[in-house]
Amino acid sequence: MALKRAFIFLGPPGAGKGTQAKRIAQSCGVPHLSTGDMFRDAVSRGTELGKQVKPIMERGELVPDDLVMKLVEERLSRPDCASGFVFDGFPRTIPQAAGLDRILEKNGFGKLVIDFAVSEDKLMRRLTGRRTCSVGGEIYNVYDAPSKVDGTCDVDGGKLTQRADDRPEVVKERLAAYERQTKPLTDYYRRQGVLETIDAGASVGEVQSALHKILKDARS
Ligand code: ADP
Ligand code: AMP
């Protein structure tokens, strides 16, 4: 029986986790789970959870662990996660990582963690230049990966929008939250022997090739 495995994409906001997670999830036939996307969806639908997390996200802070874990546990209980999934933007704190470990162990999953390493000057450019399709979620960048027609998605013609938290003042707080709360996870996973680091400052194609190689080696 094939090993059930969780892929965890770790790294600062803007490192390219979502861009790569979409591709890898599609090629492996497993769901792409972005807690950021789930919270944005709750905010745009105006649910109780959305109302709770909206001001926190607008400040660039992390949502409390109990709310994150509840959301994740519910999502992982769905049948499409039975053989594996790619996490992007989760876990982001040590208690979240420990909580995920308990879920994975209970359900017989292995894990592979990829740390997306990239310099801070590139992150600012990537975040402030990011545009996302309001229909299918395709990710663009006005500087490095523009759509063919300005403001319109190449894939489905949807309108491209800028995330409210990609404004420079919020970006600074998000990068600080990463340094403070998420970066310690690299040591946590290194100690477990499950951490691979990639040069996420390279082009989208180069990062994708590096990821494919790691996944191929992990399977053999
Ligand atoms: P994250 O999910 O880590 O926050 P995204 O995947 O949304 O990051 O990417 C952030 C921005 O950087 C987007 O505008 C995306 O188009 C761009 N981007 C992603 N990967 C690369 C790359 N390797 N080189 C240049 N720009 C990239
Ligand atoms: P992202 O789309 O991953 O950049 O996340 C956007 C925002 O959603 C973050 O700045 C946090 O406010 C919130 N968020 C997403 N994932 C998490 C998480 N795992 N833990 C805490 N907050 C999160």
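Residues numbered from 1 in each chain as written. Chains lettered and ligands numbered in written order. Predicted model: local features only at pLDDT ≥ 70, side-chain atom pairs only at ≥ 80, totals over all residues. Heavy atoms only, no water.

**A few points about the site of ligand 2**
Quick note on the threshold: Here a residue is near a molecule or strand as soon as one of its heavy atoms is found within 4 Å of it. In the analysis that follows, any N or O atom pair within 3.5 Å is treated as a polar contact, provided that within protein one partner can donate a hydrogen and the other can accept it, and provided that, for residues neighboring in sequence, both atoms belong to side chains. Shrake-Rupley sampling with a 1.4 Å probe provides the accessible areas, and residues are treated as covered by the protein chains on show and by no other component. In DSSP terms, a helix is any run of H or I states spanning at least four residues, a strand is any run of E spanning at least two, and both are numbered starting from the N terminus.
Near ligand 2, the surroundings consist of 16 residues, among which Thr 35, Arg 40, Glu 61, Arg 92 and Gln 96 are the closest. Between ligand 2 and Arg 92 there is a distance of 2.9 Å, counted from an oxygen atom to a side-chain nitrogen or oxygen. In the model, an oxygen atom of ligand 2 is placed 3.4 Å from a nitrogen or oxygen of the Arg 174 side chain. A total of 480 Å² of accessible area belongs to ligand 2 in isolation, and the protein chains cover 97% of it. When residues of the shell around ligand 2 are assigned to their parent elements, the largest contribution, 4 residues, is made by helix H2 (residues 35-45).

**Notes on helix H5 (residues 94-106)**
Going by this rule: Take the number of residues in a helix, subtract one, and multiply by 1.5 Å to get its expected span. Note on classification: 1.4 Å probe, protein chains only; a residue is buried when its accessible area is under 20% of the maximum for its type, exposed when over 50%, partly exposed between these limits. Only heavy atoms enter the contact rule, under which two residues are in contact if any of them lie within 4.5 Å.
Compared with the 18 Å implied by 1.5 Å per residue over 13 residues, the 18 Å span of H5 between its first and last C-alpha is a close match. Taken together, the buried positions of H5 are occupied by Gln 96, Ala 97, Gly 99, Leu 100, Asp 101, Ile 103 and Leu 104. Taken together, the buried residues of H5 touch strand S1 (5-10), helix H4 (65-76), strand S3 (84-88), strand S4 (110-117) and helix H8 (184-192). Where H5 begins, the side chain of Thr 93 points an oxygen toward the backbone nitrogen of Gln 96, at a separation of 3.1 Å.

**Considering the packing of H2 against helix H3 (residues 48-59)**
Cut-off, in case you're wondering: What counts as an axis is a line fitted to C-alpha atoms, over the stretch in contact for a helix, and the angles between N-to-C directions run from 0 to 180 degrees. For a crossing to be left-handed, the near helix must be turned anticlockwise from the far one by less than a right angle; the clockwise case is right-handed. For this classification, the nonpolar set comprises Ala, Val, Leu, Ile, Met, Phe, Trp, Tyr, Cys and Pro, the charged set comprises Asp, Glu, Lys and Arg, and every other residue, Gly included, is treated as polar.
In the contact formed by H2 and H3, the axes pass within 8 Å of each other and the chain directions differ by 115 degrees. Of the two possible hands of crossing, H2 and H3 adopt the one that is left-handed. Within the contact between the two elements, H2 uses Gly 36, Phe 39, Arg 40, Ala 42 and Val 43 and H3 uses Leu 49, Gly 50, Val 53, Lys 54 and Met 57. Across the contact of H2 with H3, the residue classes break down as 6 nonpolar, 2 polar and 2 charged.

**Details of the nonpolar core**
Basically, it comes down to this: Residue types Ala, Val, Leu, Ile, Met, Phe, Trp, Tyr and Cys, when buried and joined through side-chain atoms within 4.5 Å, form a set referred to as a nonpolar core.
One finds Val 63, Leu 76, Phe 85, Phe 87, Leu 100 and Tyr 189 to be the most contacted residues of the largest nonpolar core, which totals 31 residues. In terms of residue count, H4 provides more of this core than any other element does, 6 residues in total. Setting aside its immediate chain neighbours within four residues, Val 63 contacts Phe 39, Val 53, Ile 56, Met 57, Val 68 and Gln 96. Phe 9, Ala 21, Val 171 and Ile 198 belong to the second-largest nonpolar core, a separate cluster that totals 23 residues.

**What about the site of ligand 1?**
Taken together, 17 residues lie near ligand 1, and Gly 14, Thr 19, Arg 130, Tyr 140 and Ala 202 sit nearest. In this structure, Gly 18 approaches ligand 1 through a main-chain N or O atom, which is 2.8 Å from an oxygen atom. Taking Val 204, its main chain carries an N or O atom lying 3.2 Å from a nitrogen atom of ligand 1. If ligand 1 stood free it would expose 570 Å²; the protein chains cover 92% of that surface. Secondary-structure elements contributing two or more residues to the shell around ligand 1 are helix H1 (17-28) and strand S6 (139-141).

**With respect to the sheet that holds S1**
So the rule is basically this: When DSSP locates at least two bridges between a pair of strands, those strands are taken to pair.
Taken in spatial order, the 5 strands make up an open sheet running S2-S3-S1-S4-S8, and their pairing is parallel. Each having just a single partner strand, strand S2 (32-34) and strand S8 (195-199) make up the two edges of the open sheet. Recorded for the sheet is a direction-independent mean angle of 25 degrees between the axes of neighbouring strands. The strands touched by helix H9 (residues 204-219) within the sheet are S1, S4 and S8, with S4 carrying the most contacts at an inclination of about 155 degrees.

**Quick notes on the side chain of Arg 75**
Its location among the elements puts Arg 75 in helix H4. Excluding its chain neighbours within four sequence positions, the residues that come into contact with Arg 75 are Pro 31, Leu 33, Met 38, Asp 80 and Cys 81.

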